[in-house]
Amino acid sequence: MKKSILAVGIIAVLGVGTIFTSWHTGKAIESDIDNNLSKITDIANKNQDLYNLNITKSNYERNIFSTKLHLIITLLPKDKTEPNEKPLKVFDDDITIHHGPFPLSAIKNGILKPQMAWIEYEMNEETSPKLWKIAGNSSLINAHLGISYGKYLTFKLINKAITLTNNEIDSLDGQLDISKGQLSFEGDESLSCISSTAQFAKLNYALDKNNFFSMEKLNISTTSNNSSNVDYKINIGNLHINTENTNELINLDSDNIENQGNYTFNINRNGNFTISSYKNDTSFQKIKIRKENTLKQELPLIQINQLSIKQNGQLNNIKMANGSLSTNINSIIFGKQNLGSGVFDFNYEGIVPKFINYPLYSNQDMPELDENTQTNMKFSIKSLNWHNEEGDINVSGDIDILGSTGSLLLEDIDQVKSIKLKIDAPFRIIAHFLAQIEKPSDTTVTSEEVNKTSKHLELMASLYANNNIPFITLKKDNVKGIFTDIDYSRDREETYINGNTMTKKEFFKNFFGYY
């Protein structure tokens, strides 16, 4: 609701600014201002079902180069439950409109292009004594709105650095520090094509000395060419998180975080929105994780270098979810050991959104689906790879299932159209990894250490093999390890398992535990 209030309030203020775009012609607008305010109110109230907007003016004073007036903007819920509920006041202050074509205030802000009007706002003590005091007995917020002759809007809001504690906000535990920052956006008067940015040097929150986070160089930008599509980009120079639980103190530090992507959505008159598709890419240059146990013993540092995460999702024509997730790690350092690099690439199709908590629906319930609707669900691991000095571990596979929107339970084996699974995990690659974990203070491990661990793995695996597990073989092309190659299709009576065959009945009895 707070976001809706803010959005309606900002739109109303911007709408008021457009009233004065013809001031440069020298015509008086005084006689028409009430009519224009009425139009803005009418448009705002007809295009949403959340609030009744009301705008009133007073203390109107027109001069040669500027105009001053007082505006009050209130919102009252259309579905109010209390008959005597009072309107919520979202704006109650003076504003100044400087006339074009070259308002001095615009020039002071580095705007040299001709402007029809330049609106300035500075919060005063009377408007909010509490915020005035928090900002050190000065204006917490300063803002301006420029309107060019092409009716292009340029808005900027600048806040002062503040510190908030329980003394200022009753519900706040700990301390919140917000640096000086700014919010800006640009767009045409219809707001159909807009871009916005937000910048803060620092955001810090501390619950106590062992539980806190800090964020430096936060930059957010968005661009939208229509009302249902937005591109965005978020950059964080450094993120630091410290948290304590009963057994350990965890410290996470990350540098150069970038997240960018695109969302396609629809918003209804009640402010509810549905995200029909999304795409985002996230990257971390470096992540350091330190742990300290209750005995104050520092555990080996874990450092993840150049982590990237790419994902996308969309609803298909029967409102099922399709998407993918891809992750790449350049290296993981454990203590002084380089454990290697990894890749994970996963796809899915035809999944009922509620089964995977799919993020394509936001502040409204997902639409009800007919539980008898048939869907073809596919899960695919295109690549799961880990690489170190000894070589590669590779896993790939997919499963194709026919099911209904009401259940994912297999009631008939013919629901499973196909299963494919390949695992190549040589013992020496696993042994090299485990040997490194045992020696975090060293930079390398010896062949003897790898051989010893590999022999131990062979022994453990042979014990499982003796239990007659049909899907695993411990040798492939003279290489010892854990290997699997499964190829099942409901169109065949036989299933291929590691070069051998198995009947459909045997396969499901061993793989799923039933036929």
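Residues numbered from 1 in each chain as written. Predicted model: local features only at pLDDT ≥ 70, side-chain atom pairs only at ≥ 80, totals over all residues. Heavy atoms only, no water.

Peer 1: Would you mind going over helix α7 (residues 504-511) in detail, with residue names and values included?
Peer 2: Burial in α7 covers these residues: Lys504, Phe507 and Phe508. An end-on view of α7 places all buried positions within 90° of arc, on one side of the element. Turned more than 90 degrees away from the buried face of α7, the exposed residues are Lys505 and Lys509. For α7, the elements touching its buried residues are β20 (416-426), β22 (479-489), β23 (494-497) and β24 (500-503). (Buried < 20%, exposed > 50% of the residue type's maximum accessible area, 1.4 Å probe, protein only. Helix = DSSP H or I, 4+ residues; strand = E, 2+ residues; numbered from the N terminus. Arc of directions from axis to C-beta. Contact = heavy atoms within 4.5 Å.)

Peer 1: Describe in detail the pairing of strand β17 (residues 337-351), supporting the description with residues and values.
Peer 2: The pairing of strand β16 (residues 321-334) with β17 spans 11 bridges and is antiparallel. From the neighbouring strand, Phe334 faces β17, where its bridge partner is Gln337. Between β16 and β17, which follow one another and run antiparallel, lie two residues, and Gly335 among them has a positive phi close to 70°. Pairing between β17 and strand β18 (residues 374-388): nine bridges, direction antiparallel. Each residue of the ladder has a partner; that of Asn347, found in β18, is Ser380. (Pairing = 2+ DSSP bridges.)

Peer 1: Please give an account of the packing of aromatic side chains that cites residues and values.
Peer 2: The tally for this structure, following the rule as stated, stands at 12 aromatic pairs. Measuring from centroid to centroid gives 6.0 Å for Tyr263 and Tyr278, while their planes differ by 20°, and the two rings are stacked. Linking Tyr263 in strand β13 (residues 248-267) with Tyr278 in strand β14 (residues 273-293), this pair joins segments that are 15 residues apart in sequence. Owing to a relative accessible area of 25%, Tyr263 belongs among the partly exposed residues under this scheme. Aromatic side chains Trp386 and Phe433 sit 6.5 Å apart centroid to centroid with 90° between the ring planes, which places their arrangement in the edge-to-face category. Remark: Phe433 occurs in helix α5 (residues 427-438) and Trp386 occurs in strand β18; sequence separation between them is 47 residues. Looking at Phe433, the relative accessible area reads 28%, which means it is partly exposed. (Phe/Tyr/Trp six-rings, centres within 6.5 Å; stacked < 30°, edge-to-face > 60°.)

Taken by themselves, the reported measurements are silent on function.
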